[in-house]
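# Understanding the architecture of this molecule
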Amino acid sequence: MWLSIQFWNKRKQVIFLLFIRILTLFILIDCGTELVTIENLTYFKDAEVHYYKIYDNYVDEAEREFMHTQDSLSRLKQFCKWLNQNDSFSYENINMQGILLEKTSESVKSIQVNHTFFRYNAVEAAEGSLFSEEDYQIDSMEDIIPVLVGSEYSSMQVGERFVFHYMGHQLEGQVKGILNSNSSFLLRDKIKGLNSYIVMPSLEFSRSPETKEEYTFQIKLYLDKAAGIIISEKPARVIKNEIEEICSSLNLIPYGIEGYYFQEKNIWGSMGKELKQTNQLFLFYIVFISIVGLAVESQSRILQLKRKYAIANLNGFSKRRMILGVIAGITAEAVFPGILVMFIDSILLKNTYLYLYLWFYLLCTILVSSIVCCSIMVQKNYWKDMRGKKYGTYSSGTDRL
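About the thresholds
- Residues numbered from 1 in each chain as written.
- Predicted model: local features only at pLDDT ≥ 70, side-chain atom pairs only at ≥ 80, totals over all residues.
- Heavy atoms only, no water.
- Helix = DSSP H or I, 4+ residues; strand = E, 2+ residues; numbered from the N terminus.
- Buried < 20%, exposed > 50% of the residue type's maximum accessible area, 1.4 Å probe, protein only.
- Contact = heavy atoms within 4.5 Å.
- Areas by Shrake-Rupley, 256 points an atom, 1.4 Å probe, with all protein chains shown as cover.
- pLDDT = per-residue confidence, 0-100.
- Phe/Tyr/Trp six-rings, centres within 6.5 Å; stacked < 30°, edge-to-face > 60°.
- Salt bridge = Lys/Arg side-chain N within 4 Å of Asp/Glu carboxyl O.
- Polar contact = N/O pair within 3.5 Å; in protein donor to acceptor, adjacent residues only side chain to side chain.
- Expected span 1.5 Å × (residues − 1).
- Axes fitted to C-alpha atoms, helices over the stretch in contact; angles between N-to-C directions.
- Parallel < 35°, antiparallel > 145°, perpendicular 65-115°, else oblique.
- Left-handed = near helix turned anticlockwise from the far one by under 90°.
- Nonpolar A, V, L, I, M, F, W, Y, C, P; charged D, E, K, R; others polar.
- Arc of directions from axis to C-beta.
- Pairing = 2+ DSSP bridges.

Per the secondary structure count, the chain includes 12 helices and 16 strands. Counting over 401 residues, the chain shows a buried share of 44%. Contacts in the chain between residues at least 24 apart in sequence constitute 77% of all its contacts with a sequence separation of at least 6. Accessible surface, the chain: about 21,300 Å² in total, of which carbon and sulfur atoms supply 57%.

In structure tokens:
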């Protein structure tokens, strides 16, 4: 213990080093979070992919006529099937439709998504699991709807059931998963967190409606489902022609498209790659400089403490014990900031998935600094200059340990 304390004997220096270590760890966590976000969002991966928002042209009288035409629902279902199963593009369904919780009479934010949504956005379950293919299929409005809840609904349990109202109809939901606090999705040019959302699957009815109420619900549902986002490398003109062709064959008023992320995608897509590279380089330099800097600083302290360690050696302390004391001091200097940063981060940011990398970095600093110090202390020259002097007694107060 005495040998470890000697390694920290300069209070101001130790406080400064602890501050630098804590600051470095927070920078590493921040850069790591940015890299994970960029890596998980396809939006940043390829600047050549275009996002097109599609919309229907059923307004006023045309909408009323369409909803009361007998085969409108079947034609709409075929159009949605074509969108979801098209090989020339990906179709992402994101509908922002709030729901009303019956138990609390509270209106909450909700989003309805298809399976493509999870491929293009950073969404992970902290408890339970995400949707499977079967979760999108239901027979009737009486079926239990699986849902995912954001981290703000952590009081809910996986498997818990609740009644809610969606598009004016009462449904029953069951919590399948609770999302982690870092889950997010892209909406136009904004990254939005899912902490306050209830996520529903974009439902597919396997059978035709049996009542007027169910028919109205289904046709509203499929109109929403057909207003998603097409993700493709093709130019807008080609996508527009494909949509007009399928609409003509199904006797639908042609759907329109707009360049949802056309200009923004090209700008931010290329910047996303540069941002990722910049973050990686910055992270590498921070790690490299901090490890080397801490090793050099430890080396400097070992040389400064040379006289005291020589005195200790002459007074019966073995070199092995002193080397272990130095390693213990280096380890404590690394572990204390690590625990403090983890504690603060767990309260404010909750980037728990980065802790493994944080401790790997700390282990590297401990190993490098320990190797540098030990390589100096095992050399005969480290003790040579002190052998000819007597340190059994102290000549003055300044010589005291």
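So, next bit.
Quick look at the confidence of the model for the chain now. Scored by pLDDT, the chain comes out at a mean of 77, with 73% of its residues at no less than 70. This model gives residues 42-47 a pLDDT under 50, and the stretch forms 26 contacts once residues within four places in sequence are excluded. Residue range residues 386-401 is modelled with pLDDT below 50. Its contacts to residues more than four positions away, or to other chains, number 21 contacts.

Moving on to the packing of aromatic side chains. One pass over the structure, following the stated rule, counts 12 aromatic pairs. Between the aromatic rings of Phe79 and Trp82, the centroid separation amounts to 6.1 Å while the plane-to-plane angle is 15°, which identifies the pairing as stacked. You can see Phe79 and its partner Trp82 sitting in helix α4 (residues 72-85), three residues apart, about one turn around the helix. Looking at Phe79, the relative accessible area reads 0%, which means it is buried.

Glancing now at the pattern of salt bridges. For the structure shown, the criterion picks out seven salt bridges. Notably, a salt bridge pairs Asp71 with Arg75, separated by 3.3 Å at the nearest N-O pair. Since its relative accessible area comes to 10%, Arg75 is described here as buried.

Let's shift gears to the side chain of Ser90. Mapped onto the elements, Ser90 comes out in strand β2 (residues 90-92). There is a polar contact of 3.0 Å between the side chain of Ser90 and the side chain of Arg119. In this structure the side chain of Ser90 is engaged in a polar contact, spanning 3.1 Å, whose partner is the side chain of Tyr120. Every residue in contact with Ser90, bar those within four places of it in the chain, is listed here: Thr116, Arg119, Tyr120, Ile229, Ile230 and Ile231.

Before going further, it helps to spend a moment on helix α6 (residues 212-225). Taking 1.5 Å per residue, 14 residues should reach 20 Å; α6 reaches 20 Å between its end C-alpha atoms and fits that length. Those residues of α6 not exposed but buried are Glu214, Tyr215, Phe217, Gln218, Ile219, Leu221, Tyr222, Leu223 and Lys225.

Let us now look at unusual backbone geometry. Look at Asp60: it is not a glycine, yet its phi comes out positive at around 50°. If you trace the backbone, Asp60 turns up in the loop between β1 (50-55) and α3 (61-67). According to the relative accessible area criterion, Asp60 is exposed, its value standing at 57%. Despite not being glycine, Asn251 has its phi angle at roughly 60°, a positive value.

Note that Thr216 resides in helix α6. For the pair Thr216 and Leu73, spaced 143 residues apart in the sequence, the C-alpha separation amounts to 9.4 Å.

Once that is clear, we can look at the packing of α4 against α6. Contact pair α4 / α6: the axes reach a minimum separation of 10 Å and the direction vectors enclose 30°. One way to sum up the angle between α4 and α6 is to call them roughly parallel. Our pair here, α4 against α6, has a crossing hand that is left-handed. Contacts between α4 and α6 involve Ser72, Leu73, Leu76, Lys77 and Cys80 on the former and, on the latter, Tyr215, Gln218, Ile219, Tyr222, Leu223 and Lys225. Here the contact of α4 with α6 is built from residues that sort into seven nonpolar, two polar and two charged.

With 14 residues, helix α7 (residues 236-249) ought to run about 20 Å at 1.5 Å a step, and its terminal C-alpha atoms sit 20 Å apart, in line with that. The complete set of buried residues in α7 reads Ile239, Glu242, Ile243, Ile246 and Cys247. Viewed end-on, α7 has its buried residues packed into an arc of 130°, placing them on one side of the element. In α7, the exposed positions that point more than 90 degrees away from the buried face belong to Arg237, Glu245, Ser248 and Ser249. On the buried face of α7, the contacting elements are β1, α4, β15 (229-232) and β16 (256-259). Directly beyond the C-terminal end of α7, a positive phi value near 60° is found at Asn251.

The next point concerns the pairing of strand β9 (residues 161-166). Taking every second residue as pointing to the same face, the buried face of β9 carries Phe162, Phe164 and Tyr166, while none of Arg161, Val163 and His165 on the other face is buried. Relative to β9, strand β4 (residues 99-101) runs antiparallel, the two sharing two bridges. Each bridged residue has a counterpart across the sheet, and for Leu100 the counterpart in β9 is His165. Both β9 and strand β10 (residues 169-179) contribute to a ladder of six bridges, which runs antiparallel. Each bridged residue has a counterpart across the sheet, and for Tyr166 the counterpart in β10 is His169. Between the end of β9 and the start of β10, which pair antiparallel, lie two residues, with Met167 showing a positive phi angle near 55°.

What links the strands of a sheet is backbone hydrogen bonding, and the strands pair in either a parallel or an antiparallel sense. Spatially, four strands are ordered β2-β15-β1-β16 in an open sheet, and the strand pairing comes out antiparallel. At either margin of the open sheet sits one strand with a lone partner, and together these are β2 and β16. Going across the sheet, the axis of each strand differs from the next one's by a mean of 30°, ignoring polarity. With three bridges joining them, β2 and β15 adopt antiparallel strand pairing. Considered in β15, the bridge of Glu92 is made with Ile229. The sheet strands contacting α7 are β1, β15 and β16, and the helix crosses β16 at an angle near 160°.

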